[in-house]
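# A look at the structure
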Amino acid sequence: MIVTSPSKLSLAHTPTPLQHLKNISSDIRGPNIWIKRDDWTGSSTSGNKIRKLEYLLADALAKQSDVVITCGGVQSNHCRATAMACAQLGLQCHLILRGEKGEKPEGNEFLDALVGAKISYYPKSKWRELEKIFASHVEEYQSLGKKTYCIPTGGSNALGLWGYVAAVKELNEQFKEQQLSVDYVCCATGSGGTHSGLSLGFYLENSSVNVRAYAVCDDEAYFVEKGREDISSWSRTYHYDLDANDVVLDVCDDYIGEGYALANEQVLNTISYVAQREGIVLDPVYTAKAFMGLLDEIKQGKYEGCENIVFVHTGGIFGLFPFASRFNF
Ligand SMILES: *Cc1c(COP(=O)(O)O)cnc(C)c1O
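Below, the structure is looked at part by part.

What counts, and at which threshold
Residues numbered from 1 in each chain as written. Predicted model: local features only at pLDDT ≥ 70, side-chain atom pairs only at ≥ 80, totals over all residues. Heavy atoms only, no water. Near = heavy atom within 4 Å. Polar contact = N/O pair within 3.5 Å; in protein donor to acceptor, adjacent residues only side chain to side chain. Areas by Shrake-Rupley, 256 points an atom, 1.4 Å probe, with all protein chains shown as cover. Helix = DSSP H or I, 4+ residues; strand = E, 2+ residues; numbered from the N terminus. Nonpolar A, V, L, I, M, F, W, Y, C, P; charged D, E, K, R; others polar. Buried < 20%, exposed > 50% of the residue type's maximum accessible area, 1.4 Å probe, protein only. Pairing = 2+ DSSP bridges. Right-handed = clockwise from strand over helix to strand, strands pointing away. Contact = heavy atoms within 4.5 Å.

## Considerations on the site of the ligand
- Neighbouring the ligand are 16 residues, the closest being Lys49, Lys52, Ser191, Thr194 and Thr314.
- Within the contact set of the ligand, an oxygen atom lies 2.8 Å away from a side-chain nitrogen or oxygen of Asn77.
- Protein contact buries 98% of the 380 Å² of open area that the ligand shows by itself.
- For the shell around the ligand, the secondary structure elements donating two or more residues are α2 (49–62) and α7 (193–204).
- Looking at the shell around the ligand residue by residue, the classes come out as 1 nonpolar, 12 polar and 3 charged.

Below, the structure is given as structure tokens:
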């Protein structure tokens, strides 16, 4: 059964390249590792979020919204990509950021301010009332006669899932072109949409490719439940008859370390290693933790017998700069 996908904008530079990590693959003497360069979906819009925003912001425009409201951490890549895309589309952007205003905004926070996003800061302790916070801002704009469009954390909802459901088609074409037999596609997971989009996408294609995600915040049970919810909501919304339990959601939560956005020595070493061996920059919040997990699990024998593994580089470069002083050269 073919589901027609909802309309989307063209914001991301796709297809992004699929490259072989020659040096690292030779270092590990295991499976070949390939990298899907979704850090190349744009420059200021780089990363995975823009693939979801192509659908979400098309919906915002179709609904004649004036202001887009979304949320995330102070260094949220999702918020930065949303702010950038809104500037491009002539939409107002209001960001709800978790944490304190930096003395001098840097990295993603700097870029948010640069494109003129309105930013409201809320301490972590208030985050339990996130829905109320959204509602109060929506009301504020309503009283000004402005229509709002709210995007949840990371753009991970039924509509956002399309971003990576569609990316699976792109990947499959590249596998065919490059005559690659792929065992695993691996990625980091934070709000769940990239992982569940990929898992759903390969499921819909009846593919034998496995998808494995490395968690950077919550545990496996959380991500499996969130994925099931989003996939169920997707199937209801787009009238696709499936049982969300049939879609395999494979999550590893062994590499979160000290917590979300906290990077230890091992994470920073992974960033240096990949930069020096391949000329590729990972980020300390998502991709370095996931890649560290992948390398470690290869060493532990988890991927025994695999020929090709694809790691999705989901971006995040601007989040590295606030960590610069942690590196010793
Ligand atoms: C948000 C993000 C992720 C996680 O993607 P989700 O769809 O939120 O799970 C991974 N890497 C980077 C760089 C991100 O910004």
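Further notes follow.
## A few points about the pairing of strand β4 (residues 92–98)
- For β4, a buried count of 5 out of 7 residues is recorded, marking the element as mostly surrounded by other parts of the structure.
- Sheet topology places strand β3 (residues 67–73) next to β4; 7 bridges connect them, and they run parallel. Bridged to Gly72 within β4 is Leu97.
- As for the winding sense of the linkage, the β-α-β connection from β3 through helix α3 (residues 77–89) to β4 is right-handed.
- Bridging between β4 and strand β5 (residues 118–122) involves 5 bridges; their strand directions are parallel.

## Quick notes on the side chain of Ser120
- Its location among the elements puts Ser120 in strand β5.
- For Ser120, a relative accessible area of 12% corresponds to the buried category.
- Excluding residues that lie within four positions of it along the chain, Ser120 makes contacts with His94, Leu95, Ile96, Leu97 and His137.

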